[in-house]
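# Structure assessment
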Amino acid sequence: MRMLLRLLLLAPLAAFAQGSLVADWQKQYDSWYWKAPRAKVEAPRWSDNGHTLAYGWLGKSGLEWRLVDCESGQSRPAFETAALVKAFAAIDGRKADPRNWPFKRVVPTEGGRLRLESDKESWWLGREGKLVLAAGASPTKGGPRLDGNSRMQNSAKEGLRSPVGGATVELRDGDVYLASGDGQPARKLQQRPAGSNDVFVGPVSWSPDGTHFALWCERKQPARKYQVVDSLKAETREINYDKPGDPRTERVAWVFRADGKGAAACHSELTGKTYSTDRLDWSADSKLLRSEYIRRGFTGHGVVAYDVTAGVWRKLFAEEDPKFVYSFNARYRHDLADDLTVWASERTGWNHLYAVDLRTGRTLRSITSGEWVMKQVLHLDRAKGQILFTAVGRNPGENPYHHHVCKVGVNGDGFVDLTPGDAHHEVLFSPDRRTLIDTASRVDRSPLFTLRSAADGRQLALLGATDTTELVKAGWQTSRPFVAKDREGKFDIWGVVTRPHPFDPKKRYPVIEHIYAGPHGSFAPRNFNWWHRNHRELSTMGFYVVQMDGRGTNHRGKEFHQQSWRNLKDGGFPDRIAWMQALAKQEPNMDLSRVGIFGGSAGGQNTAHALLLHGGFYKAGAADCGCYDNRVDKLWWNEQWLGYPLGPWYDENSCARYAANLRGRLFLSVGESDTNVDVKCSYDFRDALLAAGKKDQIEFHVVPGANHGAGESNEMREKRARFFRDALGSALPL
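Residues numbered from 1 in each chain as written. Predicted model: local features only at pLDDT ≥ 70, side-chain atom pairs only at ≥ 80, totals over all residues. Heavy atoms only, no water.

## Some points on the overall build of the protein chain
Per the secondary structure count, the protein chain includes 14 helices and 43 strands. The C-alpha radius of gyration of the protein chain comes to 30 Å, within 12% of the 27 Å expected for a compact globule of 734 residues. Judged by the C-alpha coordinates and their principal axes, the protein chain covers about 90 × 80 × 55 Å. Classification of the 734 residues of the protein chain by burial places 53% in the buried group. Looking at the protein chain alone, contacts between residues at least 24 apart form 58% of all its contacts between residues at least 6 apart. For the protein chain, the exposed area adds up to about 31400 Å²; of that, 49% sits on carbon and sulfur atoms. Distance from the positive charge centre (102 side chains) to the negative charge centre (87 side chains) of the protein chain: 3 Å. (Helix = DSSP H or I, 4+ residues; strand = E, 2+ residues; numbered from the N terminus. Rg over C-alpha atoms; globule rule 2.2 N^0.38 Å. Buried < 20%, exposed > 50% of the residue type's maximum accessible area, 1.4 Å probe, protein only. Contact = heavy atoms within 4.5 Å. Areas by Shrake-Rupley, 256 points an atom, 1.4 Å probe, with all protein chains shown as cover. Lys, Arg positive; Asp, Glu negative; His and termini not counted. Charge placed at Lys NZ, Arg CZ, Asp CG, Glu CD.)

Okay, here's the thing in structure tokens:
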């Protein structure tokens, strides 16, 4: 079983093990695998009353099953191993092996019995040790359902016919007709301008009292088509692929009176030109219709409302910024009642939750606050009035990307960090959400597993601890976090460094940075991984490998994030260079005269910009499937940071513009069948480099039939590694 598990884990690495470098990496992986910490909390299950937890723990003799009293924290073996072996032999003669039990889960019950479950059969184990075959397959339930999604209050009645009878809406050839139900012909309600391609579309959203209904008026635009070529299959197919600046279908909300005596459209003065509009939600008293929008160019999103009494549209509340608002990430709204919602906003420069009046749009109070980021709502418990969420950056001196799971009341009271301690925390709640399993680790600390109270975060029981003692004895060294100031000495820049293996203190080594500086996230490792592939493979070849999050990336507040506004070419490089220079003072074996860089997608564009705009520092780069020209890539991602309408900054961020600047060597790769980033980005950039006379400084690889991320296949990773060894050289005497 352990060998099978290992083979499954290694399958992606072993698939191309015939390559010499891949074989070397495999050999190093194998030499460390059995010494690495692999124990974790396996198959945790709680009793229905939540008082008992059962889980497996990988010990020296196999998977050991334990029971924990969730109130006292006392822990004990789930059963006596030898007795259970005999019980299995007695029931059906099978020879149960404690290293590979015939069950996968142990489920405790309120009465003290244990249900031992596999996917096909199960057994009851009584307190006295008697084993009985249970009928049928496992009925075990999944874990607790956490719901962190937005939720909108809506009392609308959908359908063509009024919810109170009588009137019926008809949509014909893009026009709106209303039949009153008195036998008279349906009347056209709104005259469209001659030659207009605007059409009214459903669904029809009726107010509960049937006095009004709402529709969309849609201006349809054809979608751009992108041809995806696959030479291996000898086929070409088309997909929809909007690009920055392209016209988009827009929808405008309209409200009609059911007596046919009036209609009102939501005017663009309220929303601006929109990227998307959504929802036609009526309040329970039929006095208010609410609709949502995201602005084109991503300078804001919000809620507009039609007031039936006043007969006017107005902006209810919004999150807006003249630079950008990351609407796809930061947008959160959860209506608690017809007059109250929880709303996420960066109005203070930090993403937090607020209570907002759904009728007036007035902010009632802040729910979370401070110079830290409410990263994600995990669950809102309406009955208890509590919110579970992920927070980052709360604790001074700690890595600001570490996740902490916290809770707070919807009134802003009762804030608790449920996962204390300087670490990155991942949690699993019990079904009743009274306890949680906290998996805490850091880049330089292997996981610690703790059962905690979900009321106050206190430790109830230590479920297990891992360590790297045997791994270190085998020659492995931990990656370590490092922090240094940014270009202005204002922000802390956090990252990770992995030393070459084997390491000789009498030598100096070239340095390779792994980069992904897409503004939509943060990417440097923050939890434990003894074999981080993109770091360890190159480190075994005699390279320092580093990764950090510079300015322009997410989760550090608005000022830090908006460094990337109309400025993707910045890539945080002044911060990255300053970080490496500070690190080299602690790691004198780093040779900063030989620095390489690699990344894919947005990281491919970053890599190209590093070579083109900072060629005095970066000497070689490997870029895969990069969005080298943001006008050629997909609309939503690029307009999010560079805005709409297109301006000169689009050209200023194009890699082709700086092709003549290339001083070092550049390795380019792209999947022929990329459906994420238009392959034209790569082909056009290649052509610009050739036109600039850089033929001898570049390699260009097209991977037939491959999609986005083709550069991460085993074959391409090996080619990339050989490129760096050739371009940057090996270790030299210090």
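## Regarding the side chain of His-404
Within the element layout of this structure, His-404 appears in strand 29 (residues 404–409). A residue is classified by how much of its surface remains accessible, and His-404, at 4% relative accessible area, is buried. A distance of 2.8 Å separates the side chain of His-404 from the side chain of Glu-398, its partner in a polar contact. Apart from the residues within four sequence positions on either side, His-404 is in contact with Phe-389, Thr-390, Ala-391, Asn-395, Glu-398, Asp-417, Thr-419, Gly-421, Ala-423 and His-425. (Polar contact = N/O pair within 3.5 Å; in protein donor to acceptor, adjacent residues only side chain to side chain.)

## Some thoughts on the packing of helix 2 (residues 20–33) against helix 14 (residues 714–728)
For the pair helix 2 and helix 14, interaxial distance at closest approach is 9 Å and the crossing angle is 95°. As summarised for this structure, helix 2 and helix 14 are arranged roughly perpendicular, according to the angle between their axes. Taking contact as the criterion, the partners of Ser-20, Leu-21, Val-22 and Trp-25 in helix 2 are, on helix 14, Asn-714, Arg-717, Glu-718, Ala-721, Arg-722 and Arg-725. Partitioned by chemical class, the residues of the contact of helix 2 with helix 14 number 4 nonpolar, 2 polar and 4 charged. (Axes fitted to C-alpha atoms, helices over the stretch in contact; angles between N-to-C directions. Parallel < 35°, antiparallel > 145°, perpendicular 65-115°, else oblique. Nonpolar A, V, L, I, M, F, W, Y, C, P; charged D, E, K, R; others polar.)

## Regarding the sheet that holds strand 20 (residues 288–295)
Taken together, the 4 strands give an open sheet; going across it, the order is 19-20-21-22, and neighbouring strands pair in antiparallel fashion. Both outer strands of the open sheet, strand 19 (274–282) and strand 22 (312–320), are each paired with one neighbouring strand and no more. Within this sheet the neighbouring strands show an average axis-to-axis angle of 20°, counted without direction. Here 8 bridges tie strand 21 (residues 300–307) to strand 22, and the two strands are oriented antiparallel to one another. When the sheet's bridge partners are listed, Tyr-306 is paired in strand 22 with Trp-313. (Pairing = 2+ DSSP bridges.)

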